[in-house]
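The chain contents come next:
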Amino acid sequence: MSGTTAGSRPGASPRGGAFAAVDLGASSGRVMLVTVGPDRLDLREVHRFPNRPVRMGDTLYWDIPGLYRGVLDGLREAGRAAGGRLDGVGIDSWAVDHGLLDADGVLLGNPVHYRDARVEGTAEKVAALLPPERLYAATGLQHLPFNTIYQLTAARGSAAWSAARRVLLIPDLISYWLTGEAGTELTNASTTQLIDPRTRDWSREVADALDLDPGLFPPLRRPGDPAGELLPHVLAETALAGPVPVIAVGSHDTASAVVGVPAAGDGPGSRFGYIATGTWSLAGLELPGPVLSEESRLANFTNELGVDGTVRYLRNIMGLWLLQECLRAWESEDGAAPDLAGLLADAERAEPLRSVVDAGDEGFIAPGDMPARIAAACRDTGWPVPRDRAETVRCVLDSLALAHHRALAEATRLADRRIEVVHVVGGGARNDLLCRLTAEACGLPVVAGPAEAAALGNALVQARAAGVLEGDLGDLRALLRTGQPLRHHEPRDGTEPWRRAEERLHG
């Protein structure tokens, strides 16, 4: 638990509130109890549960009933810790995936995992109907082979698609089961590649070209909008005293995580870059509007919508998935989990930049033997193959740091911005070696933390909607700067070795 004394700001409510932040990640879910007041921000993890995909037949699914069970268990624990009452519940999760519901509102099978192979070849089908340059000009979204429009294209012709009358993104699906009210939260909707970032509404051009009915999605909600109240049977199962409002937050976890960046400045366009780290690394800028140039498309940058009218201009990088899959492969070999702390210590002593891979390579997306794929990628591109596990870990972290630098450098150039500091939030903020290497690669100071930025951003938006806090993003972030544990990493050496490695990797 952590607390803060930030000092009251004009207009803030003198009372506090207890909010449950449901944060669903690609490998685990958690429910956080966040107590918020004008000069208080206390965070407590009350329940954490695994998120284990399930392969049935040839298809990889999310275990959505198991995730929902974890949410209910977490709300019960949050209520117990808060004395039986909550002032709000907010839900964020990973992007692009969704459930199909029939005319009775019944889920038509478990949602398919974005790493499933069903999307293979669908990008070409979409491009035949809507060329990539037109698609980007309409939506500003980075090409990723699993974006929602490709998943929906892959589903067409299936029995489930024929019966579907509603599409709900993952956090909206959980919210629907909790409240009985359906909506589509905007920050996550912007990852479907069906939203125009200028109008912040559905793109009719894209929908018409692909013959997709936006009416399949329920009405759009903005962060801070009401999303219903917990149903009576949910209150009974969680032992909560009603009414308990569910509040729309930045339901794409990165949207909430960017709210949770403890940056100081004058709002969108302030001189900071961010890296939201976890299974993915999302590196970019907070802007007041999208960058829709052809050069931006060719550089594969995305314009996702954020809280308070902002745009998250960023690039998706493979992230700590590379390390997670290495650890999984080694655990399978050894029959026991590897000593991560020991591996990181050995990696810190390993030769820097000996081996580097392109952390944005789509060849790393699927699950599988990651150490072997990293070795093959090094061999194919002329880099020395890592000789042991420590060198493999160092290769992963050097490659991520290099990708972080490349993304931020290109983002600032394309958006005509300058940054003076990089904020690393999310799980990777705990990895001191990754943060230090990122500072070295970028040649900029790195502020690491908070690790639970998504849950904190989720709760801050709830608290403002409930009247506990007032103000803009700068006011919300002031609570983070004074109360959350932050670590500072200064670049110690020059960036020349990183420049040479990048030139060798990318030409």
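Every value quoted in this text rests on a predicted model; they were computed, and no experiment measured them.

Examining the overall build of the protein chain
Thinking step 1. If you tally the helices and strands in the protein chain, you get 19 helices and 21 strands.
Thinking step 2. Since a compact globule built from 507 residues should have a radius of gyration of about 23 Å, the 22 Å found for the protein chain is in line with a globular shape.
Thinking step 3. Seen through its principal axes, the protein chain has C-alpha atoms that stretch 60 × 55 × 50 Å.
Thinking step 4. Burial status across the protein chain gives 60% buried among its 507 residues.
Thinking step 5. Total accessible area on the protein chain stands at roughly 18,900 Å², and carbon and sulfur atoms take up 49% of it.
Thinking step 6. Averaging the locations of the 50 positively and 66 negatively charged side chains of the protein chain gives two centres separated by 1 Å.

Points about the packing of helix α1 (residues 64-81) against helix α6 (residues 170-179)
Thinking step 1. Following both chains from N to C, one finds α1 and α6 inclined at 60°, their axes separated by 11 Å at the closest point. Comparing their axes, α6 and α1 come out oblique. Classified by chirality, the crossing of α6 by α1 is right-handed. Across the interface between the two elements, Ile-64, Tyr-68, Val-71, Leu-72 and Leu-75 from α1 touch Ile-170, Leu-173, Ile-174, Trp-177 and Leu-178 from α6.
Thinking step 2. Looking at the contact of α1 with α6, its residues break down into 10 nonpolar, no polar and no charged.

Some thoughts on the sheet that holds strand β15 (residues 272-277)
Thinking step 1. The sheet built from 7 strands is open, its strands ordered β17-β18-β16-β15-β19-β20-β21 with mixed pairing. Of all the strands in the sheet, just β17 (302-305) and β21 (487-489) have a single pairing partner and so form its edges. Along the sheet, successive strands turn relative to each other by an average axial angle of 30°, direction set aside.
Thinking step 2. Sheet analysis places β15 next to strand β19 (residues 421-426), joined by 6 bridges and oriented parallel. Of the residues in β19, the one forming a bridge with Ala-276 is Val-425.

Some thoughts on the pattern of salt bridges
Thinking step 1. The final tally for this structure, using the stated rule, is 36 salt bridges.
Thinking step 2. Note that Arg-389 and Glu-333 form a salt bridge whose closest N and O atoms lie 3.0 Å from each other. Taken together, the residues Arg-389 in helix α15 (residues 389-415) and Glu-333 in helix α12 (residues 321-334) connect sequence positions 56 residues apart.
Thinking step 3. On the basis of relative accessible area, Arg-389 is assigned to the partly exposed category, the value being 26%.
Thinking step 4. A salt bridge links Glu-348 to Arg-436; the shortest N-O distance between them is 3.4 Å. Residue Glu-348 is found in helix α13 (residues 340-349), and its partner Arg-436 is found in helix α16 (residues 432-442); the two are separated by 88 residues along the sequence.
Thinking step 5. Of the residues examined, Glu-348 reaches a relative accessible area of 42% and is grouped as partly exposed.
Thinking step 6. A network of salt bridges, in which partner residues are shared, links Glu-45, Arg-48, Arg-430 and Glu-452.

As for the pairing of β19
Thinking step 1. Across the 6 residues of β19, 6 count as buried, placing the element largely inside the fold.
Thinking step 2. The pairing of β19 with strand β20 (residues 446-448) spans 3 bridges and is classified as parallel. The partner of Val-422 across the bridge, within β20, is Val-446.
Thinking step 3. Handedness of the β-α-β unit built from β19, α16 and β20 comes out right-handed.

Some remarks on the nonpolar core
Thinking step 1. Residues Leu-75, Leu-86, Val-89, Leu-178, Tyr-313 and Ile-374 are the most contacted members of the largest nonpolar core, which totals 117 residues.
Thinking step 2. Among the elements that take part in this core, α15 stands out by supplying 13 residues, more than any other.
Thinking step 3. Counting 26 residues, the second-largest nonpolar core is a separate cluster that includes Leu-100, Ile-195, Val-206 and Leu-220.

Side note on α15
Thinking step 1. Taking 1.5 Å of rise per residue, 27 residues should cover 39 Å, and α15 covers 39 Å from first to last C-alpha, within 8% of that figure.
Thinking step 2. Of all 27 residues that make up α15, 22 are buried, and the element is covered over most of its length.
Thinking step 3. Just past α15, the residue Asp-416 takes up positive phi, approximately 55°.

As for the confidence of the model for the protein chain
Thinking step 1. For the protein chain, per-residue confidence averages 94 on the pLDDT scale, and residues scoring 70 or more make up 96% of the total.
Thinking step 2. Overall, residues 1-14 carries pLDDT values under 50, and its contacts beyond four positions in sequence, including any with other chains, amount to 42 contacts.

What about the side chain of His-113?
Thinking step 1. With respect to the secondary-structure elements, His-113 resides in the loop between β7 (98-101) and α2 (122-129).
Thinking step 2. A residue is classified by how much of its surface remains accessible, and His-113, at 5% relative accessible area, is buried.
Thinking step 3. One polar contact links the side chain of His-113 to the main-chain amide nitrogen of Arg-115, over a distance of 2.9 Å.
Thinking step 4. Each residue touching His-113, except ones within four places of it in the same chain, is listed here: Pro-53, Leu-60, Tyr-61, Trp-62 and Asp-97.

Scoring rules and cut-offs
- Residues numbered from 1 in each chain as written.
- Predicted model: local features only at pLDDT ≥ 70, side-chain atom pairs only at ≥ 80, totals over all residues.
- Heavy atoms only, no water.
- Helix = DSSP H or I, 4+ residues; strand = E, 2+ residues; numbered from the N terminus.
- Rg over C-alpha atoms; globule rule 2.2 N^0.38 Å.
- Buried < 20%, exposed > 50% of the residue type's maximum accessible area, 1.4 Å probe, protein only.
- Areas by Shrake-Rupley, 256 points an atom, 1.4 Å probe, with all protein chains shown as cover.
- Lys, Arg positive; Asp, Glu negative; His and termini not counted.
- Charge placed at Lys NZ, Arg CZ, Asp CG, Glu CD.
- Axes fitted to C-alpha atoms, helices over the stretch in contact; angles between N-to-C directions.
- Parallel < 35°, antiparallel > 145°, perpendicular 65-115°, else oblique.
- Left-handed = near helix turned anticlockwise from the far one by under 90°.
- Contact = heavy atoms within 4.5 Å.
- Nonpolar A, V, L, I, M, F, W, Y, C, P; charged D, E, K, R; others polar.
- Pairing = 2+ DSSP bridges.
- Salt bridge = Lys/Arg side-chain N within 4 Å of Asp/Glu carboxyl O.
- Right-handed = clockwise from strand over helix to strand, strands pointing away.
- Core = buried A, V, L, I, M, F, W, Y, C linked by side-chain atoms within 4.5 Å.
- Expected span 1.5 Å × (residues − 1).
- pLDDT = per-residue confidence, 0-100.
- Polar contact = N/O pair within 3.5 Å; in protein donor to acceptor, adjacent residues only side chain to side chain.

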